[in-house]
Structures are given as structure tokens and as C-alpha cells.
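Chain by chain, the residues:
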Amino acid sequence: MLQVPNTLEDAIANAKQSTQRAIEAGCGRVQVELIIPEIALQAQALALEFTTILEQYGSGLKVLFPDTGAAALAKRDWGETWFSISDLGGRAIPIEGKITTEDTAFLVVCPSAIEVKAVENLCNLAENRPVILIIPQLEDVTFVGIGVTARELRERFLSTLESAYYFRPLAGAAVLRSYPSRWEVHLETENGYELIAEEFQKPMGEDLELLLAKATQGSEDTGEVVKPKPTGFLSNMQRFLRALTQ
């Protein structure tokens with residue numbers, strides 16, 4: 001059973017360890033998903049955190065931001081770095097023009113559904129070079145859609161991404177995955193977190209609701225009801241988010 005993090009600092013530390021395991025196991029396309037409100041606002045700081053586990057790639061590591069503005073801001077804030085900084089390209093210079101033979105690994109920072117095609121092209125161009133996606137948001141139905149196009153995208157590309165770490169805190173529960181474990185659903189009780197389900201696929205939507213409903217209703221034999229309590233994780237999150245920027 002995985003340990004549910006109590007703070008964002010713990011979640012990031014666990015995510016870095018899981019990402020290292022996935023890369024060492026030969027996973028070429030990995031993603032780190034922290035489903036936390038406002039986490040995207042700290043994407044730059046998180047990216048810098050994750051470069052510390054990629055030092056073996058030296059100057060061959062390329063950190064890619066969604067656009068030129070975000071890349072320029074990182075260059076200004078970080079100053080001189082041992083890795084290179086760029087963006088996912090655009091109409092003038094597509095992603096194909098951003099990749100060189102000297103690049104040995106790619107860290108993609110907070111790509112959205114707008115950049116999903118560029119990210120897919122990057123993964124194809126990378127071949128056997130690792131691509132790590134930090135807090136990706138690639139499945140926004142506003143851009144991807146919900147019909148045949150979305151299904152084809154999932155089958156062709158999104159399904160090839162390995163979730164090195166996934167953490168989604170809820171009110172009184174949490175969904176967690178740390179490579180190479182299965183997906184876990186935890187219920188927060190007065191005595192701490194209780195594991196209520198292990199799944200081979202990411203529990204989402206109605207499936208997740210049913211798992212939580214079954215756990216909170218308790219046993220039909222005893223009539224005992226397990227009552228979740230509000231999670232303390234979300235209340236502690238803002239403190240660490242502020243610390244990241246200092």
C-alpha cells in the first residue's frame with residue numbers, strides 16, 4: 001500500500017522518486033500528474049525541482065515550455081543553467097525545429113490540450129530518448145473533443161504515456177499511483193487513510209464515485225458506516241506553493 005502524502009512537499013518528493021524508477025525501468029514517455037488546484041501556477045518552480053533527478057543527461061537535457069513567453073520567463077528567472085530551455089514551437093518554428101541531435105532527454109512543463117499535437121510529435125521525434133511531462137493537461141474536451149477524434153487521440157498517443165506518479169486529493173479521499181504499483185483509492189477516516197480499492201486502470205468518473213459510495217456506506221452485515229473527514233492536505237497546500245517561489 002502506498003503512503004498518501006500529507007503535504008505538497010511530500011507529494012513532489014514521491015513524484016521525483018517514482019519518475020526516477022520509471023526512467024530506470026526504460027519507460028520512454030512518462031507523466032507526473034498532480035491534480036491540485038492552482039498547481040499550474042507553480043509549473044516553473046516544479047520544473048526546476050525535477051531537473052535535479054535528470055542530471056545524468058547533462059547539457060543534453062532540454063526543458064520545454066508551452067510557449068516562447070514562458071520559456072523566456074524561465075531563462076530570466078533561472079539565469080545560467082546546465083540544461084537548455086526552449087518551447088514547443090508554433091506556426092513559425094514547429095517542434096521539429098526545436099529538437100537537435102545533441103538533445104538526450106526532454107522535460108515538458110505543463111503542456112495543455114492546445115499543445116497536444118506538438119507533444120505527440122515530440123514523443124515521436126524523441127524515439128528512444130526519454131520524455132517527461134510535468135503536470136500535463138492534455139485532455140481538455142474544449143480542444144480535444146469527446147467523439148471519434150478524442151478516442152483516436154487516446155488510442156494513438158495518450159495511452160502510450162506511463163503515469164509515473166498520480167495524486168488527486170479529494171474531500172475525504174485520495175487517488176494515488178506510484179510507478180510501478182496499481183492505482184489506489186484511499187478514504188480518509190479519523191484513524192488516517194484507509195485503502196479501499198486497487199485498480200489496474202485509473203478510477204475516474206462514475207467508477208470512482210461508486211468505489212467511494214460503497215466504502216462510505218459500510219458493511220450491510222454490520223451496518224457500520226465509515227465516515228470520511230475533510231482532508232488536511234488541501235489546507236496545507238498554499239504554504240508550500242508560496243515556499244516554492246521564494
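Here is what the cut-offs are and how they apply
Residues numbered from 1 in each chain as written. Predicted model: local features only at pLDDT ≥ 70, side-chain atom pairs only at ≥ 80, totals over all residues. Heavy atoms only, no water. Core = buried A, V, L, I, M, F, W, Y, C linked by side-chain atoms within 4.5 Å. Buried < 20%, exposed > 50% of the residue type's maximum accessible area, 1.4 Å probe, protein only. Helix = DSSP H or I, 4+ residues; strand = E, 2+ residues; numbered from the N terminus. Contact = heavy atoms within 4.5 Å. Salt bridge = Lys/Arg side-chain N within 4 Å of Asp/Glu carboxyl O. Axes fitted to C-alpha atoms, helices over the stretch in contact; angles between N-to-C directions. Parallel < 35°, antiparallel > 145°, perpendicular 65-115°, else oblique. Left-handed = near helix turned anticlockwise from the far one by under 90°. Nonpolar A, V, L, I, M, F, W, Y, C, P; charged D, E, K, R; others polar. Expected span 1.5 Å × (residues − 1). Arc of directions from axis to C-beta. Pairing = 2+ DSSP bridges.

Q: An account of the nonpolar core is needed here, citing residue identities and associated values.
A: Soluble globular proteins: nonpolar side chains tend toward being buried together. Residues Leu34, Leu107 and Phe167 are the most contacted members of the largest nonpolar core, which totals 41 residues. If you tally residues by element for this core, the top one is helix 1 (residues 8–24), at 6 residues. Leave out the neighbours within four places in its chain, and Leu107 touches Ala47, Phe50, Thr51, Leu54, Leu61, Lys62, Val63, Leu64, Ile132 and Ile134. In this structure, Phe106, Ala126, Val131 and Phe157 belong to the second largest nonpolar core, which totals 19 residues.

Q: Got a sec to walk through the pattern of salt bridges? Specific residues and values, please.
A: Throughout the structure, instances matching the rule amount to 9 salt bridges. When the shortest N-O distance is used, the salt bridge between Lys117 and Glu120 registers 3.9 Å. Taken together, the residues span about one helical turn, with Lys117 and Glu120 both in helix 4 (residues 116–126) at a distance of 3 residues. Here Glu162 ties to Arg177 by a salt bridge, and the two come within 2.7 Å at their closest N and O atoms.

Q: Outline the packing of helix 1 against helix 2 (residues 43–51), supporting the account with residue identities and numerical values.
A: When two helices pack together, their arrangement is given by the angle between the helix axes and the distance between those axes. Their axes nearest at 10 Å, the elements helix 1 and helix 2 cross at an angle of 45°. Classed by the angle they form, the pair helix 1 and helix 2 counts as oblique. In the crossing of helix 1 with helix 2, the sense of the turn from one axis to the other is right-handed. Residues Ile12, Ala15, Lys16 and Thr19 of helix 1 lie in contact with helix 2, whose contacting residues are Leu46, Glu49 and Phe50. A per-class count over the contact of helix 1 with helix 2 returns 4 nonpolar, 1 polar and 2 charged.

Q: Could you give an account of the packing of helix 2 against helix 3 (residues 68–78), naming the residues involved and the relevant values?
A: Direction vectors running N to C along helix 2 and helix 3 enclose 60°, while the axes themselves pass 11 Å from each other. Remark: the crossing between helix 2 and helix 3 carries right-handed chirality. Contacts between helix 2 and helix 3 involve Gln44, Ala47 and Leu48 from the first element and Leu73, Ala74, Asp77 and Trp78 from the second. Its residues placed into classes, the contact of helix 2 with helix 3 shows 5 nonpolar, 1 polar and 1 charged.

Q: Tell me about helix 7 (residues 205–217), residues and numbers included.
A: Compared with an ideal rise of 1.5 Å per residue, which puts 13 residues at 18 Å, helix 7 spans 18 Å between its outermost C-alpha atoms and is within 8% of the ideal. Looking at helix 7, one finds that the buried residues are Leu208, Leu212 and Ala215. For helix 7, the angular spread of the buried residues around the axis is 65°, confining them to a single face. Those residues of helix 7 that are exposed and angled more than 90 degrees off the buried face are Glu206, Asp207, Glu209, Leu210, Lys214 and Gln217.

Q: Run through the pairing of strand 2 (residues 61–65), naming residues and quoting values.
A: Counting buried residues in strand 2 gives 5 out of 5 residues, a clear majority hidden from the surface. Residues Leu61, Val63 and Phe65 line one face of strand 2 and the alternating positions Lys62 and Leu64 line the opposite face, and both faces are buried. Of the pairings in the sheet, the one linking strand 2 to strand 4 (residues 105–109) comprises 4 bridges and is parallel in character. Considered in strand 4, the bridge of Leu64 is made with Val108. Of the strand pairs in this sheet, strand 2 and strand 3 (residues 84–87) are connected by 4 bridges, and their pairing is parallel. Bridging across to strand 3, Val63 finds its partner in Ile85.

Q: Now, about the pairing of strand 1 (residues 29–34): what can you tell me, with residues and values included?
A: By the criterion of burial, strand 1 is predominantly enclosed, with 5 of the 6 residues buried. As judged from the 4 bridges shared by strand 1 and strand 5 (residues 131–134), these two strands associate in the parallel manner. Residue pairing for strand 5: Val32 is matched across the bridge by Ile134. For strand 1 and strand 6 (residues 162–170), the ladder comprises 5 bridges, and the chain directions are parallel. Among the inter-strand pairings, Val30 is bridged to a residue of strand 6, identified as Glu162.

Q: Mind laying out the environment of Gly28, listing which residues take part and the relevant values?
A: Considering the arrangement of structural elements, one finds Gly28 in the loop between helix 1 and strand 1. Along the chain, Gly28 and Val131 lie 103 residues apart, while their C-alpha atoms are 6.0 Å from each other. Once you skip the residues sitting within four places of it in the chain, Gly28 turns out to touch Arg129, Pro130 and Val131.

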